[in-house]
Amino acid sequence: MSQNVPITVAHGDGIGPEIMDATLRIIQAAGAKIDIETIEIGEKVYLKGNPSGIEDSSWDSLRRTKVFLKAPITTPQGGGFKSLNVTARVTLGLYANVRPCVSYHPFVDTKHPVMDVVIIRENEEDLYTGIEYRQTDEVVQGLKLITVPGSEKIIHYAFEYARNNGRKKVTCFMKDNIMKMTDGLFHKTFDRIAAEYPDIENESWIVDIGAAKLADTPENFDVIVMENLYGDILSDVAAQIAGSVGLAGSANIGELGAMFEAIHGSAPRRAGQNLANPSGLLLGAVLMLNHINQKDIAAKVHNAWLKTIEDGVHTYDIFKEGVSAKKVGTKEFADAVIERLGEKPVKLKAVDYVRTDAPKGIEPYKYIKAPVAKKELVGVDVFLHWHKGSANELGNSLKTIAAGGLSIAMIANRGVKVYPNASKDIFCTDLFRCRYFNANKDAVFTNGNIIALLSKLDEAGFDVVQTQNLYEFDGVPGYSGA
Ligand code: NAD
């Protein structure tokens, strides 16, 4: 029986087919034990009328192999096309985006001669769930969703990744000085999980100063774990400052499968000319070989590639007179890597993935349900679309409407208190958050009380666009102040 690991391969659009051919030729020459199932994705599939850019039948292959090596695709212009990466993320449960950002000084131009950072980005939550609403003439709202299992899963992965890859430190970037509940949860989860890995150093930075330090002294970072939005932005910054956007690969790791790719797009203007640099996809394939536990082959390919870069055999995008020795096309670059299989770089640091001291791979994350807290309903925030006067006038009219034991305590606009006793100069939009608390702590207080209040407000002609119940969990307020 074949010992080969089945993988699903998509050649993509633009430069995709050329860089995929080069990549597959190299890894097969290195002895990768793989059986390739080819699927079609991208522009042609979109234009055939499939809005996801992938045929339904291709999912059978992906569900079977659980390993996807994907070349970049072109998303056609105009609306109505779903992002293939989003579909793959949801279908394969891809929760972790892993992007090594490395500089190859002095062979590739970089501002940072010493940089070897891995960004681990949470991939399923945060502002990227796409839960957005238009609420009034002036206000739209997007929901930032951070969960206990989502945070635990990505932070656990970051520490496991560090332990398995000989990394010394995991840093967390977040902004819990402002987003005390969402980023606060991420930070607390980081601290809790970090304590389970005494062999790995840990530190946290507020994302703004952390990002500044990363751009200035990347040599001080090792693995960095972040929520989705910060990770999206800073993984591109990190790849760019390493000097190697065209050289970076990435892995998307999930519960139902994993996807490996270059971080760049399909570069349509370079297509079909034997010009493109296949390195990003090749390094994506190195991540894949590690994932399918062919670590010796992964190291062989990676070291031959490093030697090729070090020997100055460069495609046009990184070619520099005086530094590079030879300008080559895609095919010739692949040939040069194949010629060097078995060699190691001399000046650049060689990789060694077959570490005898490494643990046996990433421990799967097991979620233990959070303990159930004592949850008490204490009030409600009612969001009103209102444009008939000042915040004070709104407050004074709401004072006359009380029901269900609820009375108005505070009004805020864009998170700033505007009633009672607020400065007259505060600018207000047409969305007011009106906070009601249960006045009588001894009486039974339920959603029924809130419904009674909403009926009264409705009868009085107020336009209620949203409500949010206010709870205390084990006596701790589960809502932000204003
Ligand atoms: P791009 O990454 O394709 O190109 C940006 C620049 O980098 C161009 O100048 C290009 O020539 C150069 N470049 C990129 N990869 C290169 C390589 N391997 N070798 C040499 N030069 C390279 O970004 P873009 O132009 O904004 O997007 C082009 C298309 O790619 C769009 O349709 C976009 O939607 C798609 N895209 C796809 C993915 C993906 O499939 N994962 C990612 C990003 C963009």
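Residues numbered from 1 in each chain as written. Predicted model: local features only at pLDDT ≥ 70, side-chain atom pairs only at ≥ 80, totals over all residues. Heavy atoms only, no water.

A.B. asks: Would you mind showing me how to read the overall build of the chain here?
C.D. replies: Counting secondary structure elements, the chain contains 13 helices and 20 strands. Oriented by its inertia axes, the alpha-carbon framework of the chain measures out at about 85 × 55 × 50 Å. By the burial criterion, 50% of the 482 residues in the chain qualify as buried. Looking at the chain alone, contacts between residues at least 24 apart form 76% of all its contacts between residues at least 6 apart. Accessible area for the chain stands at about 22900 Å²; split by element, carbon and sulfur atoms hold 53% of it. Charged side chains in the chain number 53 positive and 60 negative. The centres of these two groups are separated by 1 Å. (Helix = DSSP H or I, 4+ residues; strand = E, 2+ residues; numbered from the N terminus. Buried < 20%, exposed > 50% of the residue type's maximum accessible area, 1.4 Å probe, protein only. Contact = heavy atoms within 4.5 Å. Areas by Shrake-Rupley, 256 points an atom, 1.4 Å probe, with all protein chains shown as cover. Lys, Arg positive; Asp, Glu negative; His and termini not counted. Charge placed at Lys NZ, Arg CZ, Asp CG, Glu CD.)

A.B. asks: How do you make sense of the sheet that holds strand S16 (residues 406-413) when you look at a structure like this?
C.D. replies: Strand pairing in a sheet is mediated by backbone hydrogen bonds. Such pairs are either parallel or antiparallel. The strand order across the open sheet built from six strands is S17-S16-S18-S15-S19-S20, with neighbouring strands paired in antiparallel fashion. Every interior strand has two partners, whereas the edge strands, strand S17 (416-419) and strand S20 (476-477), have only one. This element, helix H13 (residues 447-459), spans strand S15 (375-385), S16, strand S18 (431-438) and strand S19 (463-473) of the sheet and lies at about 15° to S15. (Pairing = 2+ DSSP bridges. Axes fitted to C-alpha atoms, helices over the stretch in contact; angles between N-to-C directions.)

A.B. asks: What should I look at first to understand the packing of aromatic side chains in this one?
C.D. replies: Scanning all chains against the criterion turns up eleven aromatic pairs. Ring centres of Tyr46 and Phe81 lie 5.3 Å apart, and the angle between their planes is 75°; on these two criteria the pair is classed as edge-to-face. Taken as a pair, Tyr46 in helix H2 (residues 43-47) and Phe81 in the loop between strand S3 (67-70) and helix H4 (84-92) lie far apart in primary sequence, 35 residues in all. Relative accessible area serves as the criterion here: at 27%, Phe81 is assigned to the partly exposed category. Seen from their ring centres, Tyr95 and Tyr157 are 6.1 Å apart, and the 85° between their planes marks the pair as edge-to-face. Of this pair, Tyr95 sits in strand S4 (residues 94-102) while Tyr157 sits in helix H5 (residues 148-164), placing them 62 residues apart in sequence. Residues Tyr95 and Tyr157 agree in their burial class; the two are buried. Feature note: the residues Tyr95, Tyr157 and Tyr161 constitute an aromatic cluster, connected by ring pairs. We note Lys169 situated over the ring of Phe221; from NZ or CZ to the ring centre the distance is 6.0 Å. Taking the ring centre of Tyr471 as reference, the NZ or CZ of Lys375 above it sits at 4.3 Å. (Phe/Tyr/Trp six-rings, centres within 6.5 Å; stacked < 30°, edge-to-face > 60°. Lys NZ or Arg CZ within 6 Å of the ring centre and 35° of its normal.)

A.B. asks: Help me understand the nonpolar core, please; the structure alone is not making it clear to me.
C.D. replies: A general tendency of soluble globular proteins is for nonpolar side chains to be buried together. Ranked by size, the top nonpolar core spans 75 residues in total, and within it Ile27, Val225 and Trp305 carry the most contacts. Setting aside chain neighbours within four positions, we find Val225 in contact with Ile120, Ile154, Ile155, Ala158, Val170, Thr171, Cys172, Phe173, Phe186 and Phe190. Core analysis: the second largest hydrophobic core is formed by 22 residues, Val382, Leu406, Tyr419 and Phe432 among them. (Core = buried A, V, L, I, M, F, W, Y, C linked by side-chain atoms within 4.5 Å.)

A.B. asks: Any chance you could explain helix H6 (residues 182-194) here in plain terms?
C.D. replies: The periodicity of an α-helix, 3.6 residues per turn, causes residues three or four positions apart to be oriented the same way. Between the first and last C-alpha of H6 there are 18 Å, a value that for 13 residues agrees with the 18 Å anticipated at 1.5 Å per step. If you check which residues of H6 are buried, you get Thr182, Asp183, Gly184, Phe186, His187, Thr189, Phe190, Ile193 and Ala194. As for H6, its buried residues are in contact with H5, strand S8 (169-174), strand S9 (201-206), strand S10 (223-226) and helix H8 (228-242). (Expected span 1.5 Å × (residues − 1).)

A.B. asks: Looking at this structure, how should I read the site of the ligand?
C.D. replies: Among the 17 residues in the neighbourhood of the ligand, the closest are listed as Ile73, Gly265, Ala267, Asn277 and Tyr316. A distance of 2.8 Å separates an oxygen atom of the ligand from a polar backbone atom of Ala267. A distance of 2.8 Å separates a nitrogen atom of the ligand from a polar atom in the side chain of Tyr316. In terms of residue class, the shell around the ligand is built from seven nonpolar, six polar and four charged. (Near = heavy atom within 4 Å. Polar contact = N/O pair within 3.5 Å; in protein donor to acceptor, adjacent residues only side chain to side chain. Nonpolar A, V, L, I, M, F, W, Y, C, P; charged D, E, K, R; others polar.)

A.B. asks: So what exactly am I meant to see when it comes to the environment of Tyr128 here?
C.D. replies: The residue Tyr128 is located in the loop between strand S5 (116-122) and strand S6 (132-134) in this model. Placed 88 residues apart in sequence, Tyr128 and Asp216 show a C-alpha to C-alpha distance of 28 Å. Once you skip the residues sitting within four places of it in the chain, Tyr128 turns out to touch Arg121, Asn228, Leu229 and Asp232. Within the structure, the side chain of Tyr128 is placed 2.6 Å from the side chain of Asp232, a separation counted as a polar contact.

A.B. asks: Is there a simple way to think about the domain arrangement of the chain in this case?
C.D. replies: Considered domain by domain, the chain is made up of domain 1 (5-110 + 243-339) and domain 2 (375-477). The straight-line distance from the C-alpha centre of domain 1 to that of domain 2 is 53 Å. (Domains from an automatic or database assignment.)

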